[in-house]
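Residues per chain are reported as follows:
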Amino acid sequence: MKVLVPVKRVIDYNVKVRVKADGSGVDLANVKMSMNPFDEIAVEQAIRLKEAGQAEEIVAVSIGVKQAQETLRTALAMGADRAILVVASDDVHKDIEPLAVAKILKAIVDEEQPGLVLCGKQAIDNDMNATGQMLSALMGWSQATFASDIAIEGDKAKVTREVDGGLQTIEVTMPTVVTVDLRLNEPRYASLPNIMKAKKKPLDEKTAEDYGVDVSNRLEIVKTVEPAERAAGIKVGSVDELVAKLKEAGAV
Amino acid sequence: MAVLLIAEISDGELSMDATAKAVTAAKALGDVTVLAAGSSAAAAGEAASKIDGVSKVLVAEDPMLGHRLAEATAALIVSLAGDYDHIVAPATTDAKNVMPRVAALLDVMVISDVSGVVDADTFERPIYAGNAVQTVKSNDAKKVITFRTSTFDAAGEGGSASVETISAAENPGLSTWVEDKVAESDRPELTSAGVVVSGGRGVGSEEDFALIEKLADKLGAAVGASRAAVDSGYAPNDWQVGQTGKVVAPDLYVAVGISGAIQHLAGMKDSKIIVAINKDEESPIFQVADYGLVADLFDAVPELIEKL
């Protein structure tokens, strides 16, 4: 079985997000970028499936700016076999919407015929939580979102999902799209020798036009602003004072 | 304008809070029809008909709609979509599972986690885990939306909408339900808890995390952890609060031994009251805390447990 893993280049989760003063968006110029943390979990899971003999090949895909090839090299260094970069923008500030991403991924899935697509449940930039579900819809496949456990048995996958208030286990028909949640695994770090090896792994470069997909936005961004600031609080001198303040505020 | 609102139902029962909050948001868009779908949904539909602002309820009962499996539920919603300009739901995990699928089948973008309605085409939503708020204008013919319920007040009761029974769409037969496991802990669930007590790297070890749990139990709180604590192996990953973990907004958030890294703040800064206990008075966590206590947590937390 081939496993396809879409990965997104996003602002590093440790970087403070700065909203541009003119309201045009978040400043991404000269900011550290990394693989979306949920996508790292998806890559790790694909590697574990390969190590368990349940997957033969792992193909990582990234759609965005040319610099996303760094993100793909990270996936290759972790253990993906080859990568496809789809350049869909030359501006780091243009976010390709999940619907357009899903359409490009559909075209790639049609070509590559994977038995499983493993996605992060959401990207930590636009927080849309949509690409996996949209790809599944366009393919007419089953979907299993927010996975914390995946067991593949023949042409079925049993997936445990993190839902409000607990866990739900469902069985889906393969091929399928699974979106992964935090509890599924802890991603490995790429070792230096593997980082060196990853430089020699194949990375195909394509464009959105190659797949005939229009990547113009359906959602026009009117403005982006900072959220309302929290009012400054106070320091208390002792546990007694803290307890008194909390009682006063009706918090305990 | 006509709005189709997908009611939140679990085990045949209407989740009144989430549904009524979504009704408040939806009312601003037009005439609200509620869809109650499930293996048993009549009682939930009846309950939804009493929410103020609901003009009609559609009840679809079918075993294949049980457990809100995405493929069958999305097929039903798409079969009804022709009559509506907006298709909306409260942003629960069920809706986040189903609504993007609906949107893709209709060839429109989903607008997730909407926190404000500007007009029928324009919406506000948090991005970057709430570190920015974006206003977007949809150019799509139909809008598929999930509403972040914590920002809307629940609509009252007192309505008397008509209730109509409809049939389910064809079963795509792609998935089956196996089991549900409700969280076994006696503690409340992290994302919906009224009080959350979280520990950070300052706690120092997995054994000492018991102190955080003890304070949580005293307050009837859920237990959280910073990513640093999780990465150090002090706490399990599903306790993680932050941009890469869970986003919480309880009435009271107690941060113990947490320095307040950006990625942690992103997950808890919408809490109503924030308490921080940390021995380093320069910690960024104090910049968001309503009440900050500069103290060694191993002295302060046992004392706090005793005095609460």
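As the structure is a prediction and not an experimental result, all values here were calculated from the model. (Residues numbered from 1 in each chain as written. Chains lettered and ligands numbered in written order. Predicted model: local features only at pLDDT ≥ 70, side-chain atom pairs only at ≥ 80, totals over all residues.)

Caption draft 1: How the structure looks around the domain arrangement of chain B. All names here are of chain B. We note that the domain assignment places domain 1 (2-166) and domain 2 (190-307) within chain B. The C-alpha centroid of domain 2 is placed 34 Å from the C-alpha centroid of domain 1. Listed by partner, the interface residues are four residues for domain 1 and seven residues for domain 2. Of the residues that constitute the side of domain 1 that touches domain 2, the class distribution is one nonpolar, three polar and no charged. (Domains from an automatic or database assignment. Contact = placed C-beta atoms within 7 Å. Nonpolar A, V, L, I, M, F, W, Y, C, P; charged D, E, K, R; others polar.)

Caption draft 2: Layout of the sheet that holds strand β8 (residues 116-119) of chain B. Taken in spatial order, the four strands make up an open sheet running β12(A)-β10(B)-β9(B)-β8(B), and their pairing is antiparallel. The outermost strands of the open sheet, each flanked by one partner alone, are β12 (219-225) of chain A together with β8 of chain B. Strand-to-strand twist in this sheet, taken as the mean axis angle between neighbours without regard to direction, amounts to 30 degrees. (Pairing = 2+ DSSP bridges. Helix = DSSP H or I, 4+ residues; strand = E, 2+ residues; numbered from the N terminus. Axes fitted to C-alpha atoms, helices over the stretch in contact; angles between N-to-C directions.)

Caption draft 3: View of the pairing of strand β15 (residues 222-225) of chain B. Residues and elements named next belong to chain B. Residues Ala222 and Gly224 line one face of β15 and the alternating positions Val223 and Ala225 line the opposite face, and both faces are buried. By the bridge criterion, four bridges tie strand β14 (residues 195-199) to β15 in an arrangement that is parallel. What sits directly across from Val196, in β15, is Ala222. For the crossover from β14 across helix α5 (residues 209-219) to β15, the handedness is right-handed. (Buried ≥ 20, exposed ≤ 12 C-beta atoms within 10 Å, placed from the backbone. Right-handed = clockwise from strand over helix to strand, strands pointing away.)

Caption draft 4: The sheet that holds strand β6 (residues 86-90) of chain B, seen in detail. Residue and element names in this part refer to chain B. Taken in spatial order, the seven strands make up an open sheet running β7-β11-β6-β1-β4-β5-β12, and their pairing is parallel. Across the chains shown, the open sheet's two edge strands, defined by having one partner strand only, are β7 (110-114) and β12 (162-166). Neighbour-to-neighbour, the strand axes of the sheet open up by a mean angle of 25 degrees, direction not taken into account. The sheet contacts of helix α1 (residues 16-27) involve β1 (2-6), β4 (31-38), β5 (54-61), β6 and β11 (143-147), and relative to β6 the element is tilted by about 145 degrees. Where helix α3 (residues 70-80) meets the sheet, its contacts fall on β1, β4, β5 and β6, and the angle it forms with β4 comes to roughly 150 degrees.

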